[in-house]
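Secondary and tertiary structure notes
Each chain, written out:
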Amino acid sequence: MLARQVIASGASTALKSISAATASPKRSLSKAAITAIVQQQQTRDYHEVTGDIISPSMIQGIDHLRDPRLNKGLAFTLEERQTLGIHGLQPARFKSQEEQLELCRISISRYQEDLNKYLYLVDLQDRNEKLFFKLISEDVEKMMPIVYTPTVGLACQKFGLIYRRPRGLFVTINDRGYVYEVLRNWPEHDVRAIVVTDGERILGLGDLGACGMGIPVGKLALYTALAGIPPHQCLPIVIDVGTNNQDLLEDPLYVGLRHKRVSGKEYDDFIDEFMEAVVKRYGQNTLIQFEDFGNHNAFRFLDKYRDTYCTFNDDIQGTASVAVAGLLASKRITGKKISENTFCFLGAGEAAIGIADLVVKAMQAEGCGLQEARDKIWLFDIDGLLAKGRPEGRLGGHKAFYAKDHRVMKNFAELISEIKPSVLIGASAAGGAFTPEILQTMAKNNARPIIFALSNPTSKAECTAQAAYENTEGRCIFSSGSPFPPVKYGGKTFSPGQGNNAYIFPGVALGVIVTGTHHIPEDIFLIAAQAVADHVSQDDLDKGSLYPPLSAIRECSLEIAVGVTKYAYEKGLASTYPEPQDKLAYIKSHLYNFNYESAMPVTWKWPPQQEAPKRPITPTKLQA
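Keep in mind that this is a model prediction, so the values were computed, not measured.

Reading guide: rules and limits
- Residues numbered from 1 in each chain as written.
- Predicted model: local features only at pLDDT ≥ 70, side-chain atom pairs only at ≥ 80, totals over all residues.
- Heavy atoms only, no water.
- Helix = DSSP H or I, 4+ residues; strand = E, 2+ residues; numbered from the N terminus.
- Buried < 20%, exposed > 50% of the residue type's maximum accessible area, 1.4 Å probe, protein only.
- Contact = heavy atoms within 4.5 Å.
- Areas by Shrake-Rupley, 256 points an atom, 1.4 Å probe, with all protein chains shown as cover.
- Lys, Arg positive; Asp, Glu negative; His and termini not counted.
- Charge placed at Lys NZ, Arg CZ, Asp CG, Glu CD.
- UniProt positions renumbered as here; feature names shortened; annotations may be inferred.
- Polar contact = N/O pair within 3.5 Å; in protein donor to acceptor, adjacent residues only side chain to side chain.
- Core = buried A, V, L, I, M, F, W, Y, C linked by side-chain atoms within 4.5 Å.
- Domains from an automatic or database assignment.
- Salt bridge = Lys/Arg side-chain N within 4 Å of Asp/Glu carboxyl O.
- Arc of directions from axis to C-beta.
- Axes fitted to C-alpha atoms, helices over the stretch in contact; angles between N-to-C directions.
- Parallel < 35°, antiparallel > 145°, perpendicular 65-115°, else oblique.
- Nonpolar A, V, L, I, M, F, W, Y, C, P; charged D, E, K, R; others polar.
- Phe/Tyr/Trp six-rings, centres within 6.5 Å; stacked < 30°, edge-to-face > 60°.
- Patch = residues over 30% accessible without salt bridge, like charges linked within 9 Å, V, L, I, M, F, W, Y side chains within 5 Å.
- Pairing = 2+ DSSP bridges.

Of regular secondary structure, the chain possesses 27 helices and 14 strands. For the chain, the spread of C-alpha atoms along the three principal axes comes to 110 × 55 × 50 Å. Going through the 624 residues of the chain one by one, you find that 55% of them count as buried. Partitioning the intrachain contacts of the chain with sequence separation of at least 6 by distance along the chain shows that 70% fall at a separation of at least 24. About 28,500 Å² of surface is accessible on the chain, with carbon and sulfur atoms providing 52% of the total. Of the side chains in the chain, 68 bear a positive and 70 a negative charge, and the two mean positions are spaced by 5 Å.

If you want it as structure tokens, here you go:
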């Protein structure tokens, strides 16, 4: 009876499993055990494909509809439907990918709330991967604010409510000693890039713990959409060590560990184990991008790992690179070199310090001395001016480089009046901190004041674009970290650019991955900044933008990747040989194909076989 059930199920693999399980005369299986084996073998995984190499012998026809990497929806041709055995499972209509894209645009425009648009895109990625990435790549200006900032911040806040399917790995402090085993559970073997967060400082929203998964997921979606890095090579990870957010700890929908954050040596040892496990699982050249770690950990880990792993911190180095790109572009408006400016920062966290460090490097490239460059930069944090004698102290790490021999100051507006900076940069997550008084002072002291309100989401921006232009008589050179609508002032319309890290990190990652670069020096981010600045047209500047249109990010990414590739081979950092002569063509050969491909197996013909004379078969007599 059991044998008939197994044979009727058509599960030949199950028969093999049962045969192996009962090979020993001392072993036998119950009816329940045999049924479990049959069910296990008949159950198909959500992803039937790993990597980008499809084995036709391992894929069933129905998999082409169930697996998002294979699914083309109504774009399957009649021949494909009939050959794959899926004819009749879809309506008779045939659609091109372009027709499907138009339907996606119509569908997403019907939603009023951005979170609902986000969920629509999540669902699209779960059912048709190529269509999802093609939609984002072709509609960057409309889609990026949904899959990335600012909507991703709201998605993180609502993560426990909107969680659908696995999109990355959660590695918890409870997995100490077994991190490698957790990484092995990820079904992909060809991972080249990891974005990891511990959720302690998500955007300007603070500690969101495990709900921070939306950030690495969103970042890696842009790796593919904006730089063509194959999605199977990307792995989002959350390091869950708890959360200090009491609201989340009490939230019944929270999906992470319900205890206060683990810190100190136990935390550091856990991160060490994670880094070692990544290298053991995927290799030394695996890119590890740190994202939204707390200020007190971000610089420590960057300094600790940058020379022993292929790693960078986007909040520090990516933010710095895009800010410096804007400053490089601004030279064409002000006519001043970077070193001819005085900089004042509101905020002295990882973003501000990262920008300051790269600005110093840019000034050094102009011939400025190290200390001379640092003397041109003033930072102001929650305790006031970074002054050597301030009672609070807290001048450790990279902050010490910018501490001034100056009296203690707690009033930011007073500092602006005294030092008369030409560049004002906000990285404080203090919404509205650039008051009308401060903006007017900047306008009084400068013909073309440069004002960067970089904090995000939008509610955390130090000032709005409207406030910046109105309080500087339309003379400011403005940029922000989150998008703002165009501003009309003095009969002119300003369309300020968004200093978004997405201009930088996808291209840097692409260059690092295709060259197998071992480590990522700071020079690479200056190369990236210059590539973006070079891509800014005069028309962009005339409109009030220091950045190219978001729709041009894919071009920027390729240019950055070419620059990184040249640098990697010049400095001996690359590990892929021989060095390609045509580096652009080499990079393009590694890019993800957003377009549908034929689902038909490849066939070919053999040459006609010539008949050869055969000898008669002589039976072999077996001896008794």
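The next subject is the UniProt feature "active site" (unreviewed entry) in the chain. The sites that carry the UniProt feature "active site" (unreviewed entry) are, in the present numbering, Y148 and K219. The annotated residues occupy 72 residues of the chain but converge on a single region, no pair of C-alpha atoms lying more than 7.1 Å apart. Among the structural elements, Y148 can be located in the loop between α9 (140-147) and α10 (151-157). Looking at Y148, the relative accessible area reads 5%, which means it is buried. Take K219: it is sitting in helix α13 (residues 214-227). The exposure class of K219 is buried, given its relative accessible area of 2%. Other than its neighbours up to four places away in sequence, K219 contacts Y148, V195, Q289, E291, D314, N501 and F505. A polar contact is formed between the side chain of K219 and the side chain of Y148, at a distance of 2.4 Å.

Here we come to the nonpolar core. Judged by nonpolar contacts, the single largest core of 117 residues is most densely connected at L121, Y223, F343 and I377. Two domains each donate at least three residues to this core, and these are domain 2 (145-313) and domain 3 (317-503 + 515-553). When near neighbours in sequence (up to four residues on either side) are disregarded, I377 contacts F343, F345, A356, V359, V360, M363, Y402 and K404.

A word on the pattern of salt bridges. Across all of its chains, the model carries 37 salt bridges by this definition. A salt bridge links E522 to R306, with the shortest nitrogen-to-oxygen separation between them at 2.6 Å. Of the two residues, E522 is situated in the loop between α23 (505-515) and α24 (523-534) and R306 in the loop between α16 (295-305) and β5 (311-313); the sequence distance between them amounts to 216 residues. Owing to a relative accessible area of 18%, E522 belongs among the buried residues under this scheme. Each of E102, R105, K134, E138 and D139 takes part in one network of salt bridges that share partners.

Let us now look at helix α20 (residues 412-419). Each α-helix winds once per 3.6 residues, and so residues spaced three or four apart point in a common direction. Among the residues of α20, those classed as buried are F412, A413, L415, I416 and I419. Down the axis of α20, the sector holding all buried residues measures 160°, keeping them to one side. Check the buried side of α20 and you find it contacts β6 (343-346), β7 (377-381), β8 (384-385), β9 (423-426) and α21 (436-445). With a side-chain oxygen lying 3.0 Å from the backbone nitrogen of A413, the N-terminal cap of α20 falls on N411. Where α20 terminates, the next one or two residues include K420, which has phi positive at roughly 50°.

What describes two packed helices is the angle between their axes and the distance between those same axes. Packing of helix α7 (residues 114-127) against α9 brings their axes to within 9 Å, and their N-to-C directions diverge by 95°. In this view, α7 runs roughly perpendicular relative to α9, as classed from their interaxial angle. For the pair α7 and α9, contact is made by D114, K117, Y118 and L121 and by M143, I146 and V147, respectively. Per-class residue counts for the contact of α7 with α9 are five nonpolar, no polar and two charged.

Right, let's get into the side chain of E462. Of note, E462 is situated in the loop between β10 (450-453) and α22 (465-470). It turns out E462 is buried and unbridged, and the closest side chain with the opposite charge, K460, is 10 Å from it. Of the polar contacts made by the side chain of E462, one reaches the backbone nitrogen of L454; its length is 3.5 Å.

The element α23 is largely enclosed, with a buried count of 11 among its 11 residues. All buried positions along α23 are accounted for by F505, P506, G507, V508, A509, L510, G511, V512, I513, V514 and T515. G516, located one to two residues past α23, shows a positive phi value of around 60°.

Applying the stated rule across the entire model yields 23 aromatic pairs. With centroids separated by 6.4 Å and ring planes inclined at 50°, the aromatic side chains of F159 and F170 adopt a geometry described as tilted. Taken together, the residues span a long stretch of sequence, with F159 in helix α11 (residues 159-162) and F170 in strand β1 (residues 169-172) at a distance of 11 residues. The class for F159 is buried, based on a relative accessible area of 10%.

With that settled, consider the side chain of T565. Along the chain, T565 turns up in helix α26 (residues 553-570). For T565, a relative accessible area of 0% corresponds to the buried category. Dropping the residues within four chain positions of it, T565 is found in contact with G511, V514, T515, K583 and I587.

For Q609, the location among the structural elements is in the segment after α27 (583-588). The exposed category is assigned to Q609, whose relative accessible area is 59%. In terms of polar contacts, Q609 uses its side chain to reach the backbone carbonyl oxygen of P607, at 3.1 Å.

A separate point is a nonpolar patch on the surface. On the surface, a cluster of nonpolar side chains totalling about 500 Å² of accessible area is made up of V602, W604 and W606. Looking at the secondary structure, you find W606 in the segment after α27.

Read from one edge to the other, the open sheet built from five strands follows the order β1-β3-β2-β4-β5, with strand pairing classed as parallel. Strand pairing shows two members of the sheet lacking a second neighbour, β1 and β5, which therefore form its edges. Here the average twist between neighbouring strands, direction ignored, is 25°. Pairing analysis gives four bridges linking β1 to strand β3 (residues 234-240), with the strands arranged parallel.

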